[in-house]
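# Secondary and tertiary structure notes
The chain contents come next:
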There are 4 protein chains.
Amino acid sequence: MSHYYRLVVSCPDRLGIVSRVSTFIAGYGGSITEASQHSDLESGRFFMRYEILADSIGMSHETLRDAFAPIADEFAMDWALNDTSRRRRVVLMVSRESHCLVDLLYRWTAGELDCDIAAVISNHDDLRALVEWHGIAYHHVPVAPDDKAPAFAEVQQLVDEARADCVVLARYMQILPPSLCERYAGRVINIHHSFLPSFAGAKPYHQAYQRGVKLIGATCHYVTEELDAGPIIEQDIHRVSHCHTPNDLVRFGRDVEKAVLARGLRWHLEDRVLVHGNKTVVFA
Amino acid sequence: MSHYYRLVVSCPDRLGIVSRVSTFIAGYGGSITEASQHSDLESGRFFMRYEILADSIGMSHETLRDAFAPIADEFAMDWALNDTSRRRRVVLMVSRESHCLVDLLYRWTAGELDCDIAAVISNHDDLRALVEWHGIAYHHVPVAPDDKAPAFAEVQQLVDEARADCVVLARYMQILPPSLCERYAGRVINIHHSFLPSFAGAKPYHQAYQRGVKLIGATCHYVTEELDAGPIIEQDIHRVSHCHTPNDLVRFGRDVEKAVLARGLRWHLEDRVLVHGNKTVVFA
Amino acid sequence: MSHYYRLVVSCPDRLGIVSRVSTFIAGYGGSITEASQHSDLESGRFFMRYEILADSIGMSHETLRDAFAPIADEFAMDWALNDTSRRRRVVLMVSRESHCLVDLLYRWTAGELDCDIAAVISNHDDLRALVEWHGIAYHHVPVAPDDKAPAFAEVQQLVDEARADCVVLARYMQILPPSLCERYAGRVINIHHSFLPSFAGAKPYHQAYQRGVKLIGATCHYVTEELDAGPIIEQDIHRVSHCHTPNDLVRFGRDVEKAVLARGLRWHLEDRVLVHGNKTVVFA
Amino acid sequence: MSHYYRLVVSCPDRLGIVSRVSTFIAGYGGSITEASQHSDLESGRFFMRYEILADSIGMSHETLRDAFAPIADEFAMDWALNDTSRRRRVVLMVSRESHCLVDLLYRWTAGELDCDIAAVISNHDDLRALVEWHGIAYHHVPVAPDDKAPAFAEVQQLVDEARADCVVLARYMQILPPSLCERYAGRVINIHHSFLPSFAGAKPYHQAYQRGVKLIGATCHYVTEELDAGPIIEQDIHRVSHCHTPNDLVRFGRDVEKAVLARGLRWHLEDRVLVHGNKTVVFA
């Protein structure tokens, strides 16, 4: 797999940003293999993502980053310059349902997800054999209904020890405490099993069944303190009809959930998702 | 176009319904060209729809209906036996936006909607020329913001004079008063420009834009007294991204709205939609 | 899981079939939980599928079958009366690509596929560990390019020993010889990685890339002697653009393939697929 | 509506293109509201499209074009710099079926298609009243089956007199002669009523019905001398089942055709479609 530098920028829109950045890269002989820009006309904010072939540039990641810093300052950029040779570290959190986990592990094995899976954390022990068969550490951290703090302290310690860049709630079924939401802000991805903002909260498929909707959905979003209200990364739906029982909705939902989560995570790992207030720019 | 009798039944599920009904029809030589059944296991209610070639039965619509009545009584059926040679009469209600109207008029002209369009009622005069070009009566009934009652009295009179079987709110943008909702219960079809239950009420595309959803939708439903909460007939969605402005959402939405409304109305006219509490059985 | 008898019928359409069959079932107290019919107006053929709660009928599967036989004769039916308490036996055939296999094994584990997986046969040894971890026998049958007959003789023996009701080519990448196509006619399901009839044969994603299509697809079909030309059970597509390389098409294709194959196989196992010449009736 | 310059470029990929172009535009104070790039790694060709707010640049369209020419030469660009204040002139060609025409006229009226419709040409007179009601010239040019040359000579004269930038075959149902394909190369858009390359040629829905496909489609493409083989702009599909007759397929197909054609035409008019051999880059 080729080795890239990925430049991701968000800043106030003004004249000459692309000129300045592209001229900087061309000046070092950098070959841009993929370029995306977006001007948000409402907020006046500019977003860009450049994928640069590392070998085309005769300097290290750190040197390039230092060289770019003055431009970033000049344009008041929120920015990152990532090196794809340093793989992201991901921690997966699951409960008992395995569909998202099985799907992510397959994609990871097949090379669709460019990351290391540092560990799997679960409040149950059910999925240990599956995870360990893939050579991944499995941590069982039961969550006591009446005092969840010790469990989440342990979760925090495990995530920190794993040096996780990203935490994926792959149907974890527990609500993260505000302290963790804040600590890992912008780095925790959840899959919610409804087409948000419809049916937030518990048992969304049963809510959908009772309302008689003709489409069910799933939503991949960044976790924030407000439940199921964080920036949406991706959504998709599945058609249902009067023929389908709540169990059928759950079954269809599994397919939508795993597809939506996999797309969202892949885009996150490829630096394609830029958060903009409570929304996202996704250079998919 | 062939001539059919359509038998539509909803009743408590029990042994022998299909046997009794199909034997009754076979006894008169009736050729069934389409048959649909559904047993709702949760509520224990049974639904069926039979399309019978009228020419295959040697008796009139009225005679057949009388002959069937004892079976209907025996099984406590809600039922109808409709004769497709009697075309339904539809009143369309619109405001200023023409996309649903243009679409329905095209489909009606092309023979996709088996009905007479008895009249178009609007609170504005903008679409008169278009409607009259199709040879359809156009009634301009302005709605005074501070006293809507006279307008809705006139609407009621027009609908009654038109002997309408069905009223379609094709982006009418006014809320029908409870009296009309009740008077025409089960016969008023609305298109709401969101994927209900998300974004009920006003300006749904702007709500969707603010929330940053990745899919927008439209919902065709029967009108009940509670706003945007009636039984859903059909829904569909369109994918959007950060590139799209609220105007783009409105534009995509027009396509979804007209498609969803057209399907919903067609199914209603073909007796394919059976209301079941606040949900629908749709034999599409 | 409840226990059902499934009656599947295909016969010349004529008066009184439903009456006769439903009266027969009602006569034994049979509770029909799902009923589907289809009259093909072009060919004059009738299709039906009834799902009957076994416990509601006071007789064994064999007795019921014997009792029904005279009706089947009278109406010249192709028919089957299946008992869901006897699980189908499925043999999966794979090559090196694991996406369909992983997906089917997950669904089987999750109870989405009502069958026993009797064995997996592969022309490579790559997927042995995965299969055996699920407790399923794995047979490595290499296929010599210059003399494939011995391999297919072994395949036939393994399928026969496994008493397979159904053989699934889950990306097997070898063409079955006519003798096996004939021997297992109507029981071999293949997933082809294109939207047939486009791009039959080898390397369909590369063909699609060269043609510049904007959608790629996959097709689940019964295998017949003519390559990629058997009755289609299910198809689906994925949107692509100029951004996507042949590798991206392959990646998207994996998702479509596994979804389409899983739906096709599930419907086959639930007796929802009735072959009609080179087409299918699918009571999904 | 704002006024833009649209720069569209295709050239061999090499270092510094974006830098050179964006610096050129920034040098004149040009505000880029939308920017798209694509590097085709297989062919080594680079594509870009910039939308520049005209008012932000203190010079006329012609002056800007002259100033850019040396850069274009330096990089061996195929290029265009279009001024959106000069509306494109479109000629629609139709036969008897009105669905695409009605749809395009609605979208044109609603402001979704930024063009003048210079004329409608048809080999039948059926749609005259509809077209003239929209205030558009209608030319009836019958095509004699045994000698089509005079008709196409007249078509050519009408298209030339209309100074058409673009000709849309909105279900014209006649094959353009090679001379016209060549004369208007890259400017004639056709809607084919199948998911190409499946079912090229006549009666595609009947071909699809006979093959028993589960999805039907439509394809919008540029017309070339080889029938139904030109660069594909857009495609979409509609799900069908055994329930559907050839007439149903035709009906569903109308919806897909008009949607696909409208998207393709809109993108063409907005300079979003760049031809690349027999494929397209679509910056949608």
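Fair warning: this is a prediction, and the values are worked out from it, not measured in the lab.

A few words on the overall build of chain A. A count of helices and strands for chain A gives 8 helices and 13 strands. Here the C-alpha atoms of chain A give a radius of gyration of 20 Å, agreeing with the 19 Å that 2.2 N^0.38 yields for 284 residues. Considering only C-alpha atoms, chain A reaches an extent of 60 × 40 × 35 Å along its principal axes. Here the contacts in chain A between residues at least 6 apart in sequence split such that 66% fall between residues at least 24 apart. Accessible surface computed for chain A: about 11,000 Å², of which carbon and sulfur atoms make up 51%. Of the charged side chains in chain A, 29 are positive and 37 negative, and the gap between their average positions amounts to 5 Å.

All names here are of chain B. Under the counting rule described, the total for this entry stands at 116 salt bridges over all chains. The shortest N-O distance in the salt bridge between aspartate 271 and arginine 6 comes to 3.1 Å. Of this pair, aspartate 271 sits in the loop between α8 (246–269) and β12 (273–276) while arginine 6 sits in strand β1 (residues 4–12), and the two are 265 residues apart along the sequence. Judged by relative accessible area, which is 10%, aspartate 271 ranks as buried.

Our focus in this paragraph is the relation of the copies chain D and chain A. Least-squares fitting of chain D to chain A yields an RMSD of 0.0 Å, with the transformation described by 0.0 Å of translation along the axis and a rotation of 180°. Viewed as a symmetry operation, the transformation between the two copies matches a two-fold axis. The C-alpha atom lying nearest the rotation axis in chain D is that of Ser19(D); the distance is 2.7 Å. Of the residues that chain D buries at the interface, 100% are likewise interface residues in chain A, meaning the two copies contact each other through the same surface.

Residues and elements named next belong to chain D. Ordered in space as β7-β6-β5-β8-β9-β10-β11, the 7 strands form an open sheet in which the pairing is mixed. With partners counted over all chains shown, the strands left at the sheet margins are β7 (138–140) and β11 (232–239), one partner each. The mean angle between the axes of side-by-side strands here comes to 20°, regardless of whether they run parallel or antiparallel. For strand β8 (residues 166–169) and strand β9 (residues 188–192), the ladder comprises 3 bridges, and the chain directions are parallel. In the strand pairing of β9, valine 168 is matched with isoleucine 189.

Attention now moves to helix α1 (residues 17–27) of chain B. Each turn of an α-helix holds 3.6 residues, which means side chains three or four residues apart point in the same direction. Of all 11 residues that make up α1(B), 8 are buried, and the element is covered over most of its length. Looking at the buried side of α1(B), the elements it contacts are β1, β2 (31–40), β3 (45–53) and α2 (61–74) of chain B together with α1 (17–27) and β3 (45–53) of chain C. Backbone geometry just downstream of α1(B) places Gly29(B) in the positive-phi region, at approximately 75°.

A few words on unusual backbone geometry. Here Leu196(A) and Pro197(A) are connected by a cis peptide whose omega angle stands at 10°. Tracing the backbone through its elements, the reader meets Pro197(A) in the loop between β9 (188–192) and α7 (204–211). Unlike most non-glycine residues, Arg171(A) shows phi in positive territory, near 65°. Topologically, Arg171(A) is positioned in the loop between β8 (166–169) and α6 (178–183). For Arg171(A), a relative accessible area of 6% corresponds to the buried category. Even without a glycine there, the phi angle at Ala76(B) is positive, about 55°. By the secondary structure assignment, Ala76(B) is in the loop between α2 and β4 (78–83).

Here we take up the side chain of Arg266(B). With respect to the helices and strands, Arg266(B) occurs in helix α8. Setting aside its immediate chain neighbours within four residues, Arg266(B) contacts Glu112(B), Leu113(B), Asp248(D) and Arg251(D).

Moving on, we get to the packing of aromatic side chains. What the rule picks out here adds up to 16 aromatic pairs over all chains. Connected via pairs of aromatic rings, a cluster forms that spans Phe24(A), Tyr28(A), Phe68(A) and Trp79(A). The ring centre of Tyr209(B) lies 3.5 Å from the NZ or CZ of Lys279(A), which sits over that ring.

So, about the domain arrangement of chain A. Residue and element names in this part refer to chain A. When cut into domains, chain A gives domain 1 (4–83) and domain 2 (88–282). Between the C-alpha centres of domain 1 and domain 2 there is a distance of 31 Å. Listed as interface residues are 13 residues of domain 1 and, on the opposing side, 9 residues of domain 2. Of the roughly 850 Å² buried between domain 1 and domain 2 on both sides combined, carbon and sulfur atoms contribute 53%. Among the residues of domain 1 in contact with domain 2, Arg6, Phe47 and Arg49 are the three that bury the most area, contributing 51% of the side total. Viewed at the interface, domain 2 and domain 1 are joined by 2 salt bridges. Taking the shortest distance from any N to any O, the salt bridge between arginine 272 and glutamate 34 comes out at 2.7 Å. The interface formed by domain 1 and domain 2 contains 7 residue pairs in polar contact (both at pLDDT 80 or more). Every element with two or more residues in the side of domain 1 that touches domain 2 is listed here: β1 (4–12), β2 (31–40) and β3 (45–53). Sort the elements by how many residues they give to the side of domain 1 that touches domain 2 and β3 lands first, with 5 residues. Each residue belonging to the side of domain 1 that touches domain 2 can be placed in one class, and the counts come to 4 nonpolar, 3 polar and 6 charged.

Moving on, we get to the interface of chain D and chain A. Listed by partner, the interface residues are 16 residues for chain D and 16 residues for chain A. Note on chain D versus chain A: buried area summed over both sides is about 1,100 Å², and carbon and sulfur give 55% of it. Of all residues in chain D, the largest losses of buried area upon contact with chain A belong to Leu15(D), Ser19(D) and Gln37(D), amounting jointly to 34% of the total for that side. At the boundary of chain D with chain A, the tally comes to 7 residue pairs in polar contact (both at pLDDT 80 or more). Mapped onto the side of chain D that touches chain A, the elements with two or more residues apiece are α1 (17–27) and β2 (31–40) of chain D. No other element matches β2(D), which puts 6 residues into the side of chain D that touches chain A. Tallied by class, residues from the side of chain D that touches chain A come to 6 nonpolar, 10 polar and no charged.

Residues and elements named next belong to chain C. Burial runs high along strand β6 (residues 115–122): 6 of the 8 residues are buried. Pairing of strand β5 (residues 88–94) with β6 involves 7 bridges; the strand directions are parallel. Note on β6: the bridge partner recorded for valine 91 is alanine 119. For the crossover that starts at β5, traverses helix α3 (residues 99–109) and ends in the parallel β6, the hand is right-handed. Note: β6 against strand β7 (residues 138–140), 3 bridges, orientation parallel. For serine 122, the partnering residue across the bridge sits in β7 and is histidine 140. A crossover links β6 with its parallel partner β7, the connecting element being helix α4 (residues 128–133), and its sense is right-handed.

Once that is clear, we can look at the UniProt feature "domain: ACT" (unreviewed entry) in chain A. Per the UniProt record, "domain: ACT" (unreviewed entry) is annotated on residues 6–86 of chain A. Structurally, residues 6–86 of chain A is divided into 31% helix and 40% strand, and its ends, taken at the C-alpha atoms, are 12 Å apart.

Right, let's talk about the side chain of Ser22(B) for a bit. When you line up the elements, Ser22(B) lands in helix α1. Judged by its relative accessible area of 2%, Ser22(B) falls in the buried class. There is a polar contact of 3.4 Å between the side chain of Ser22(B) and the backbone oxygen of Ser19(B). In this structure, Ser22(B) is in contact with Tyr50(B), Val18(C), Ser19(C) and Ser22(C), ignoring residues within four places of it in sequence.

The next subject is the interface of chain A and chain B. Chain A puts 34 residues into the contact, and the matching count from chain B is 34 residues. The contact between chain A and chain B buries some 3,000 Å² in all, and 51% of this surface belongs to carbon and sulfur atoms. Taken together, the links from chain A to chain B amount to 4 salt bridges. A salt bridge links Glu234(A) to Arg239(B), with the shortest nitrogen-to-oxygen separation between them at 3.1 Å. The interface formed by chain A and chain B holds 20 residue pairs in polar contact (both at pLDDT 80 or more) in total. For the side of chain A that touches chain B, the secondary structure elements donating two or more residues are β2, α7, β11 (232–239) and β13 (279–282) of chain A. Residues of the side of chain A that touches chain B, tallied by class, amount to 15 nonpolar, 9 polar and 10 charged.

Rules and cut-offs
Residues numbered from 1 in each chain as written. Chains lettered and ligands numbered in written order. Predicted model: local features only at pLDDT ≥ 70, side-chain atom pairs only at ≥ 80, totals over all residues. Heavy atoms only, no water. Helix = DSSP H or I, 4+ residues; strand = E, 2+ residues; numbered from the N terminus. Rg over C-alpha atoms; globule rule 2.2 N^0.38 Å. Contact = heavy atoms within 4.5 Å. Areas by Shrake-Rupley, 256 points an atom, 1.4 Å probe, with all protein chains shown as cover. Lys, Arg positive; Asp, Glu negative; His and termini not counted. Charge placed at Lys NZ, Arg CZ, Asp CG, Glu CD. Salt bridge = Lys/Arg side-chain N within 4 Å of Asp/Glu carboxyl O. Buried < 20%, exposed > 50% of the residue type's maximum accessible area, 1.4 Å probe, protein only. Least-squares fit on C-alpha atoms with pLDDT ≥ 70 in both. Pairing = 2+ DSSP bridges. Axes fitted to C-alpha atoms, helices over the stretch in contact; angles between N-to-C directions. Phe/Tyr/Trp six-rings, centres within 6.5 Å; stacked < 30°, edge-to-face > 60°. Lys NZ or Arg CZ within 6 Å of the ring centre and 35° of its normal. Domains from an automatic or database assignment. Buried area = accessible area lost by both parts, 1.4 Å probe. Polar contact = N/O pair within 3.5 Å; in protein donor to acceptor, adjacent residues only side chain to side chain. Nonpolar A, V, L, I, M, F, W, Y, C, P; charged D, E, K, R; others polar. Right-handed = clockwise from strand over helix to strand, strands pointing away. UniProt positions renumbered as here; feature names shortened; annotations may be inferred.

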